[in-house]
Structures are given as structure tokens and as C-alpha cells.
Amino acid sequence: MTDDDPKQIVRRGYDVLSLRYDEATGADSKYRSWIDELIARLEGGSRVLDVGCGSGVPVARELVAAGHHVTGVDISEVQIRRARELVPDGEFINADATSLDFPAESFDAVVSLYALIHMPQDEQQQLLHNIATWLRPGGWFLCTTGQSAWTGIDEDWLDGGASMWWSHTDADTNRTWIAQTGLTIEHQAFIPEGSGGHALFWSRRPQQP
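Predicted, not measured: the structure shown is a model, and the values here were computed from it.

Asks: Just give me the short version of the environment of Asp28, but keep the residues and values in it.
Replies: Inspection of the secondary structure puts Asp28 in helix α2 (residues 27-30). Through-space distance from the C-alpha of Asp28 to that of Ile9 is 26 Å; in sequence the pair is 19 residues apart. Setting aside residues up to four positions removed in sequence, Asp28 forms contacts with Val57, Pro58 and Arg61.

Asks: Give a detailed account of the sheet that holds strand β2 (residues 69-74), specifying residues and quantitative values.
Replies: A sheet is described by the order of its strands in space; here 7 strands give the open sequence β3-β2-β1-β4-β5-β9-β8, paired in mixed fashion. Bordering the open sheet on either side are β3 (91-94) and β8 (184-193), each of which pairs with just one other strand. When the angles between neighbouring strand axes are averaged without regard to direction, this sheet yields 15°. In the sheet, β8 pairs with strand β9 (residues 196-204) via 9 bridges, with the strands oriented antiparallel. Among the inter-strand pairings, Ile185 is bridged to a residue of β9, identified as Ser203. Lying over the sheet, helix α3 (residues 32-41) contacts β4 (107-112), β5 (135-146), β8 and β9, oriented at roughly 5° with respect to β9.

Procedures and definitions
- Residues numbered from 1 in each chain as written.
- Predicted model: local features only at pLDDT ≥ 70, side-chain atom pairs only at ≥ 80, totals over all residues.
- Heavy atoms only, no water.
- Helix = DSSP H or I, 4+ residues; strand = E, 2+ residues; numbered from the N terminus.
- Contact = heavy atoms within 4.5 Å.
- Pairing = 2+ DSSP bridges.
- Axes fitted to C-alpha atoms, helices over the stretch in contact; angles between N-to-C directions.

Structure, rendered in C-alpha cells:
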């Protein structure tokens, strides 16, 4: 990756602003109902993949505390280092999620909150197909995507002196992309944020007949 590669911008941004991001987003309260709902849907000791796991808080932390086995992946070395410290019983991988290769039917659930929007859109589509393959029949996929189409950069993200890059299409297109993987969309919601917001999807791999 070159210095102006979007993925490099994302990696550097989270390396610099890992702690600031946690403080600014209020993730503990913002994600609480989603995590609780996911835990209620999982059987004990489920295997969960967290794509774009950040510092491991709160998603990996709460899932591990509930007795599940969590594998988290993040492109930021700093985020992964903090995740290993904050959630010592989780497994964390410092990697580009689009480069991952897991065996088919490896996970009972996959979570990706505010991470797909930091990936090139063609790679988002491929990753969605991969995720559908990694899920076991009946497995859940919880994700946030863009609500409206936009690609751009913030040169001073969170007023923290580092840049951040996003690229996402609209919610209807995201819905189509998810459906094209063979997953069944069980629920879709709009999550407001500032003057805009994101789309939240609960999807599931169909049970085998």
C-alpha cells in the first residue's frame, strides 16, 4: 500500500486516533442493544468473527464475557494491540479483512460495525460473499453500511490531526449486495448520526433443508 492508498489512510487514522475514537463514539451505549440481541440469538459457546473489531470494546469484550469465542480482525496495529490488552481471552488478527481466508462454515455469527464503509466498494462486495461462506447454516450477520452514497476524506478527523477515508453506496444497493450472497435479510433499520446516518442489517444464512 502506498501512502495515498485509502487503506493506508484508514490504518494510519485508527493508529493515531484509537483511544479518541472510543471516547468520541460512545460505543458502549450505542452498540448495547445490538450486542444484547446478538447474544440472545446465539447458542452457548458460539464462534463469532468481528470484522473491524477496533479496540475490542464493546463487541468482543461483551461476547467473550457471555461465553463466546471471538476472533477479531482490524487493519490498525494500534487497535489490535489495545484489543489484546482489553480483551485477553479474545483472538485478534492485524490484517486487511478483505485478505482473510477462513474455512467455509467457520462461524456462528459475523459482526461488522462501521468497518465496511472504510473499504473500496468492489472489495466490500467480495467480502460480503466471503462472509456468507464463512457462516454456518443458520448463522447471523450483523452489519452497518452506508445509508447514502458517498466517498470522501476528512483531513482532520475527530479534530485529532489525522485523516480518515470512507466509501459507501446507498442502503438499497447494500441490501441488494447482501441478498446476492444468499443471505436472508431479517431486519433493516436506519441509525441516525449527525445530519445523516447508517443502515443496520440483520441477515442470516438459511438453514439447510
